[in-house]
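The residues making up each chain are set out below.
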Amino acid sequence: MPTVTAAVPPRPFGTVLSAMVTPFTPDGSLDLAAAAALAEHLVATGHDGLVVSGTTGESPTTSDEEKDALLRAVLDAVGDRAVVVAGVGTNDTRHTVELARAAEKAGARGLLVVTPYYNKPPQAALLAHFTTVADATGLPVMLYDIPGRAGVPIETETLVRAGEHERVVAVKDAKGDLFASAQVLARTDLAYYSGEDALNLPLLALGGSGIVSVVSHVAGREYARMIAALDAGDLPAARALNARLLPAVRGIMTRTQGAVAVKAALELTGVLANRTVRQPLLPASGEEVGAIAADLALAGLDTSRSQTPQNA
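Residues numbered from 1 in each chain as written. Predicted model: local features only at pLDDT ≥ 70, side-chain atom pairs only at ≥ 80, totals over all residues. Heavy atoms only, no water.

With parallel pairing, the 8 strands of this closed barrel are ordered in space as β1-β2-β3-β4-β5-β6-β7-β8. Going from strand to strand, the sheet's axes swing by 25° on average, the running direction of each strand aside. Where strand β4 (residues 110-114) lies against strand β5 (residues 141-145), 4 bridges are found, and the strand directions are parallel. Its bridge partner lying in β5, Leu111 is registered against Val141. (Pairing = 2+ DSSP bridges. Helix = DSSP H or I, 4+ residues; strand = E, 2+ residues; numbered from the N terminus. Axes fitted to C-alpha atoms, helices over the stretch in contact; angles between N-to-C directions.)

Below, the structure is given as structure tokens:
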């Protein structure tokens with residue numbers, strides 16, 4: 001049976017975006033040279049967008065000054081070869097606005113604004129928060145819906161209302177509720193990006209625009225091919241690529257915390273020189289690294305460039 005080319009959804013921030021980790025030196029200092037090299041590597045391996053200082057970038061434990069320096073280093077490294085989105089969300093609206101304005105000044109192409117976490121604002125307060133941030137700059141905004149971390153979801157009606165703002169153009173969806181996502185897609189022009197690697201293919205099949213991925217750090221080319229297959233209407237090819245990557249999703253998203261696991265994966269694949277994270281996180285243990293290495297191998301991903309023994 002011939003394939004049927006599907007309608008390509010809007011992609012205001014690109015298609016394959018990495019929720020980029022923040023490299024540190026072994027003593028925990030920000031490593032701008034490694035960040036620039038990582039950004040270059042990601043662009044060379046299938047990414048047309050990068051999210052800097054998101055949760056996977058350990059934004060809770062980097063200072064505002066470090067966030068600014070990191071963003072500028074990545075922008076200098078990739079230029080116009082990728083859409084660089086700055087994570088600016090906090091649980092303080094004033095602070096979020098300050099970070100948004102600093103990101104605009106540095107040259108970011110967009111903003112990622114997470115649901116305010118821990119203080120659990122009601123839906124009217126969420127809408128006011130997002131509107132205030134969107135009003136603060138001229139940059140397009142991607143809302144980040146992740147109730148597992150934030151404590152509250154962005155409800156469907158709130159997303160519909162937020163989408164009426166001219167600069168709220170996208171959602172990074174990590175809610176795990178495909179029915180809710182389908183309703184927003186049906187009722188708005190918001191571009192939906194999968195923020196949960198286990199659900200990348202289902203959300204894309206519903207009309208999602210792309211992915212903001214952790215696993216793509218080591219599988220960017222594969223995810224780019226998967227999305228290209230969907231665009232071409234070749235669902236069997238997309239399913240095959242998704243099935244191949246499931247062990248990598250298991251390794252990076254279930255063995256330990258995501259930033260911890262993907263830094264171990266990047267060390268295993270020779271992209272990062274170490275897997276240092278900042279407390280309260282701790283680096284992956286030798287046992288965890290061994291399990292992640294086995295999962296990457298099952299996904300057909302090369303760990304032969306690693307310089308670290310798996311029991312280190």
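Here we take up unusual backbone geometry. Omega for the peptide link from Gln279 to Pro280 comes to 25°, which places this bond in the cis form. Counting through the fold element by element, Pro280 comes out in the loop between α11 (258-268) and α12 (286-298). Phi is positive for Lys120, which is not a glycine, with a value near 50°. Note on placement: Lys120 falls in the loop between β4 and α4 (123-136).

Residues annotated by UniProt as "active site" (unreviewed entry) correspond here to Tyr144 and Lys172. Taking the farthest pair of C-alpha atoms as the criterion, the annotated set spanning 29 residues converges on one region, since that pair is 4.7 Å apart. Residue position: Tyr144 is located in strand β5. Judged by its relative accessible area of 5%, Tyr144 is buried. With residues near it in sequence (within four places) discarded, Tyr144 still touches Thr55, Leu112, Val113, Val114, Thr115, Ile154, Lys172 and Ala174. Relative to the helices and strands, Lys172 is located in strand β6 (residues 168-173). (UniProt positions renumbered as here; feature names shortened; annotations may be inferred. Buried < 20%, exposed > 50% of the residue type's maximum accessible area, 1.4 Å probe, protein only. Contact = heavy atoms within 4.5 Å.)

According to UniProt, the "site: Part of a proton relay during catalysis" (unreviewed entry) feature falls on Thr55 and Tyr118. These residues run over 64 residues, yet every pair of their C-alpha atoms falls within 14.4 Å of each other. Mapping Thr55 onto the fold places it in the loop between β2 (49-52) and α2 (64-78). Sequence-distant contacts of Thr55, that is, excluding residues within four places in its chain, are made with Tyr144 and Arg149. Examined against the element boundaries, Tyr118 turns out to sit in the loop between β4 and α4.

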